[in-house]
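# Fold and geometry: a report
One-letter residues, chain by chain:
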Amino acid sequence: MLHVLYLFGVAAFAASGVLAAYRANMDPFGGLVLAFAASISGGTLRDLILNRYPLYWTHDWVLLTLIICVGVATMVYLRFWSLPRKSLLVVDAVGLAVVTVIGARAAIDAGATPLAVIILAVLTGVAGEVIRDVLCGEFPPLLLREDVYAIAALAGATLLLALHHLGIGGTAATAASAGLVFALRMGAVYFGLHLPRPHRPAHHEGADD
């Protein structure tokens, strides 16, 4: 079940990579590059930190085939039809939710401390998007432009960790945690939610710079 869920999250990130490439006017090769970058960067960073070798995607032909198929299918779809304006954000939120929870699970299984579990979960969730945005020439990346992004991943990882310590695991805990990430992210997108930001002091005319 967990592996199927992970494949779903990878597929969502692969589609988001192609959508980002499409908006950046990249060619099909660029679309596939971003599909892979968005899909495997977070998990690769997590495994490197946890010293897990070989890297998970180097021996999973199903995963690599899925990324290619989803990438090509998304490009074919975009060739004939247009997508809603917020489609990238929705697909991205799905990937963020699933991959964050998978990252938290992997860190828990590796015996990481609670704080390390949360950090690794957030890194797993957001690394792919950061690399994708940088390759698209978007500065700053989405992570640094949208307040409720890493925060959503942080909340989902914290919930999963809390449920784990309460002895609640399995599908219920995974679904609840991923659902929280998705709900927070999409709520922020559709309702324009932001964290409070410090206001610059008013500049009075005649004041020294």
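Let us look at the structure shown here. (Residues numbered from 1 in each chain as written. Predicted model: local features only at pLDDT ≥ 70, side-chain atom pairs only at ≥ 80, totals over all residues. Heavy atoms only, no water.)

## Brief notes about helix H1 (residues 2–23)
- End to end, H1 covers 32 Å across 22 residues, agreeing with the expected 32 Å (1.5 Å per residue, within 8%).
- Directly beyond the C-terminal end of H1, a positive phi value near 60° is found at Asn25. (Helix = DSSP H or I, 4+ residues; strand = E, 2+ residues; numbered from the N terminus. Expected span 1.5 Å × (residues − 1).)

## A look at the packing of helix H5 (residues 114–135) against helix H7 (residues 150–165)
- One can describe the packing of H5 onto H7 by two numbers: an axis separation of 9 Å at closest approach and a directional angle of 140°. Taken together, H5 and H7 sit at an angle that is classed as oblique. Here H5 runs over H7; the crossing is right-handed. Here Pro114, Val117, Ile118, Ala121, Val122 and Val126 of H5 lie close against H7, whose contacting residues are Ala150, Ala153, Leu154, Ala157, Thr158, Leu161 and His165.
- Partitioned by chemical class, the residues of the contact of H5 with H7 number eleven nonpolar, two polar and no charged. (Axes fitted to C-alpha atoms, helices over the stretch in contact; angles between N-to-C directions. Parallel < 35°, antiparallel > 145°, perpendicular 65-115°, else oblique. Left-handed = near helix turned anticlockwise from the far one by under 90°. Contact = heavy atoms within 4.5 Å. Nonpolar A, V, L, I, M, F, W, Y, C, P; charged D, E, K, R; others polar.)

## A word on the environment of Leu45
- Structurally, Leu45 can be placed in helix H2 (residues 28–49).
- A residue is classified by how much of its surface remains accessible, and Leu45, at 32% relative accessible area, is partly exposed.
- Along the backbone, Leu45 and Leu55 are ten residues apart, and their C-alpha atoms lie at a distance of 9.5 Å.
- Those residues in contact with Leu45, other than ones at most four positions away along the chain, are Leu123 and Ala127. (Buried < 20%, exposed > 50% of the residue type's maximum accessible area, 1.4 Å probe, protein only.)

## Here's the deal with the pattern of salt bridges
- As enumerated under the stated definition, the model contains four salt bridges in all.
- Linking Arg132 and Asp133 is a salt bridge whose minimum nitrogen-to-oxygen distance equals 3.1 Å.
- For Arg132, a relative accessible area of 2% translates into the label buried.
- Accessibility expressed as a relative area gives 2% for Asp133, which makes it buried. (Salt bridge = Lys/Arg side-chain N within 4 Å of Asp/Glu carboxyl O.)

## What about the environment of Lys86?
- Structurally, Lys86 is set in the loop between helix H3 (61–80) and helix H4 (87–109).
- By relative accessible area, Lys86 is classed as partly exposed at 21%.
- C-alpha of Lys86 to C-alpha of Ile68: the two residues are 18 residues apart in sequence and 23 Å apart in space.
- Residues in contact with Lys86, not counting those within four places in the same chain, are Val189 and Tyr190.

## As for the side chain of Thr124
- Of note, Thr124 is situated in helix H5.
- Not counting chain neighbours up to four residues away, the residues in contact with Thr124 comprise Gly42, Gly43, Arg46, Val99 and Gly103.

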